[in-house]
Amino acid sequence: MTTSFPETKTGLRFGVTSLAVTACLAAVLAAGLPARAQDNPVLAKVNGVEIRQSDVALAEEELGPSLAQMDPATKKDNVLAFLIDLKIVAKAAEDKKIENSEDFKKRLAFTRSRLLMDSLLASEGKAATTDEAMKKVYEEAAKQITGETEVHARHILVETEDEAKAIAEELKKGGDFAELAKKKSKDPGASDGGDLGFFTKEQMVPEFSAVAFTLEPGKISDPVKSQFGWHIIKVEEKRARKAPDFDQVRAQIETYVTRKAQAEYVAKLREAAKVERMDKPAEAAKNDTKTDAPKPADSKMAPPAKK
């Protein structure tokens, strides 16, 4: 089973319990973010309690997805308004002794454990992403890529064999492939003259690749049937594939190395822990707790498969 850690970002919610928990979470996080007073101005006060720039930055990070479409000024204003309401409602919750409820204590304990986990895994991931480690992953993946044949082709995709045969006849009479693709192909890339760019065999359905990789540059195929319909294929050129430059894929490699290190770290901790699953037989529970590290393909040095 692949271990996954769901996103921790929250929406702009005003439930009393969730606000109180968020307030505690913010307090814990803020404690680890020292800042000089001149770099961390006070933006508002609520009953004498200060809200600083660092509080807004932290809230923006936590509320990320719900703020994505806002411009910076609107985002800052909304987050500050949220923090003001947060302070007001959290204080009201304290006055009502909400923190003494069992539900609150459970949620607070969960939030604390989650924050501890996220912080430790972030630290482990960061420690693993050295230039040496990332370049090693790059070089290993590049070896698998370099030399593989790529084809640059266009295609026209239609529903029926009769349509495909009619188009093939037009092409034999000198019709322009790109123009016919624009007019008659149902593929999303029709507006580009059916241009598929460069691709490898594995990136296309087998029926398509079998024909495209046997055609010589400049040649046009007979109608080819696949699960998507009927294709007419024109090969523009072929080349030996080259790995992208390291800087082009650095972000993907960093993500891969980070996730791999985190998965391996969790697996190591789990091996040393005594885990008892009361809801499953012992053998099933043992298999269910295995952690799979991401595979090198997760570095996404190749584009996704196309039709």
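Residues numbered from 1 in each chain as written. Predicted model: local features only at pLDDT ≥ 70, side-chain atom pairs only at ≥ 80, totals over all residues. Heavy atoms only, no water.

1. Concerning the pairing of strand S1 (residues 42-46)
And step 1. Strand direction decides the pairing type here: S1 and strand S2 (residues 49-52), joined by 4 bridges, are antiparallel. Following the sheet pairing, Ala44 is matched in S2 by Ile51.
And step 2. Connecting S1 to the next strand, S2, in antiparallel fashion are 2 residues, including Asn47 with a positive phi near 50 degrees. (Pairing = 2+ DSSP bridges. Helix = DSSP H or I, 4+ residues; strand = E, 2+ residues; numbered from the N terminus.)

2. As for helix H10 (residues 246-272)
And step 1. Relative to the 39 Å expected for 27 residues at 1.5 Å per residue, H10 spans 37 Å between its end C-alpha atoms, a close match to the ideal helical length.
And step 2. A maximum bend of about 35 degrees is found in H10 at Gln252.
And step 3. Residues of H10 that are buried: Phe246, Val249, Ile253, Tyr256, Val257, Thr258, Ala261, Gln262, Ala263 and Val266.
And step 4. Where H10 is buried, its residues contact helix H5 (102-128) and helix H6 (131-145). (Expected span 1.5 Å × (residues − 1). Bend = angle between axes of the 7 residues up to and from the residue. Buried < 20%, exposed > 50% of the residue type's maximum accessible area, 1.4 Å probe, protein only. Contact = heavy atoms within 4.5 Å.)

3. A word on the pattern of salt bridges
Pairing is possible between side chains of opposite charge, provided their charged atoms come close.
And step 1. In the structure shown here, the tally under the stated rule is 17 salt bridges.
And step 2. The shortest N-O distance in the salt bridge between Lys105 and Glu102 comes to 4.0 Å. Placement of both Lys105 and Glu102 in helix H5 is noted, with a separation of 3 residues, approximately one turn of the helix.
And step 3. Between Glu150 and Arg241 there is a salt bridge whose closest N-O contact spans 3.6 Å. One end of the pair, Glu150, is in strand S3 (residues 149-158); the other, Arg241, is in the loop between strand S6 (229-240) and H10, with 91 residues separating them in the sequence.
And step 4. Among the residues examined, Glu150 registers a relative accessible area of 8% and is labelled buried.
And step 5. One salt-bridge network, in which partners are shared between bridges, spans Glu148, Glu150, Arg239 and Arg241. (Salt bridge = Lys/Arg side-chain N within 4 Å of Asp/Glu carboxyl O.)

4. A closer look at the nonpolar core
And step 1. Counting residues in each nonpolar core, the largest one holds 13 residues, and the members touching the most others are Val151, Phe199, Phe208, Ala212 and Ile233.
And step 2. Those elements giving two or more residues to this core turn out to be S3, strand S4 (195-199), helix H9 (206-212) and S6.
And step 3. Ignoring sequence-local partners within four residues, the contact set of Phe208 consists of His155, Leu196, Phe199, His231 and Ile233.
And step 4. Core analysis: the second largest hydrophobic core is formed by 12 residues, Val46, Val56, Leu80 and Leu86 among them. (Core = buried A, V, L, I, M, F, W, Y, C linked by side-chain atoms within 4.5 Å.)

5. Things to note about the packing of H5 against H10
And step 1. In the contact formed by H5 and H10, the axes pass within 8 Å of each other and the chain directions differ by 125 degrees. Taken as axis vectors, H5 and H10 run oblique relative to one another. Pair H5 / H10 crosses with right-handed handedness. In contact with Leu120, Leu121, Ala122, Glu124, Gly125 and Ala128 of H5, H10 contributes Val257, Thr258, Ala261, Gln262, Tyr265 and Val266.
And step 2. Taken together, the residues of the contact of H5 with H10 sort by class into 8 nonpolar, 3 polar and 1 charged. (Axes fitted to C-alpha atoms, helices over the stretch in contact; angles between N-to-C directions. Parallel < 35°, antiparallel > 145°, perpendicular 65-115°, else oblique. Left-handed = near helix turned anticlockwise from the far one by under 90°. Nonpolar A, V, L, I, M, F, W, Y, C, P; charged D, E, K, R; others polar.)

6. Side note on the confidence of the model for the chain
And step 1. Chain-level statistics for the chain give a pLDDT mean of 83 and a share of 79% at 70 or above.
And step 2. Taken element by element, the chain is modelled with least confidence in helix H1 (residues 16-31), mean pLDDT 37, and with most confidence in strand S5 (residues 224-226), mean pLDDT 97.
And step 3. Low pLDDT, under 50, characterises residues 1-35; the stretch is placed with 65 contacts to residues that sit more than four places away or in other chains.
And step 4. Confidence drops under a pLDDT of 50 for residues 296-307, and excluding neighbours within four residues, the segment shows 29 contacts in the predicted structure. (pLDDT = per-residue confidence, 0-100.)

7. Quick notes on the sheet that holds S4
Hydrogen bonds along the backbone pair up the strands of a sheet, which may run parallel or antiparallel.
And step 1. Ordered in space as S4-S3-S6-S5, the 4 strands form an open sheet in which the pairing is antiparallel. Edge positions in the sheet fall to S4 and S5, since each of these pairs with one other strand and no more. On average, adjacent strands in this sheet sit at an angle of 40 degrees to one another, irrespective of strand direction.
And step 2. Note that S3 and S4 share 3 bridges and pair antiparallel. Its bridge partner lying in S4, Arg154 is registered against Asp195.
And step 3. Across the sheet, helix H8 (residues 177-184) is in contact with S3 and S6; its angle to S3 comes to roughly 50 degrees.

8. Some points on the packing of helix H2 (residues 53-62) against helix H4 (residues 72-95)
And step 1. Contact geometry for H2 and H4: axes closest at 10 Å, N-to-C directions at 100 degrees. Taken together, the axes of H2 and H4 are roughly perpendicular relative to one another. On the side of H2, the interface is formed by Gln53, Asp55, Val56, Ala59 and Glu60, while H4 contributes Lys75, Lys76, Val79, Leu80 and Leu83.
And step 2. In the contact of H2 with H4, the residues fall into 5 nonpolar, 1 polar and 4 charged.

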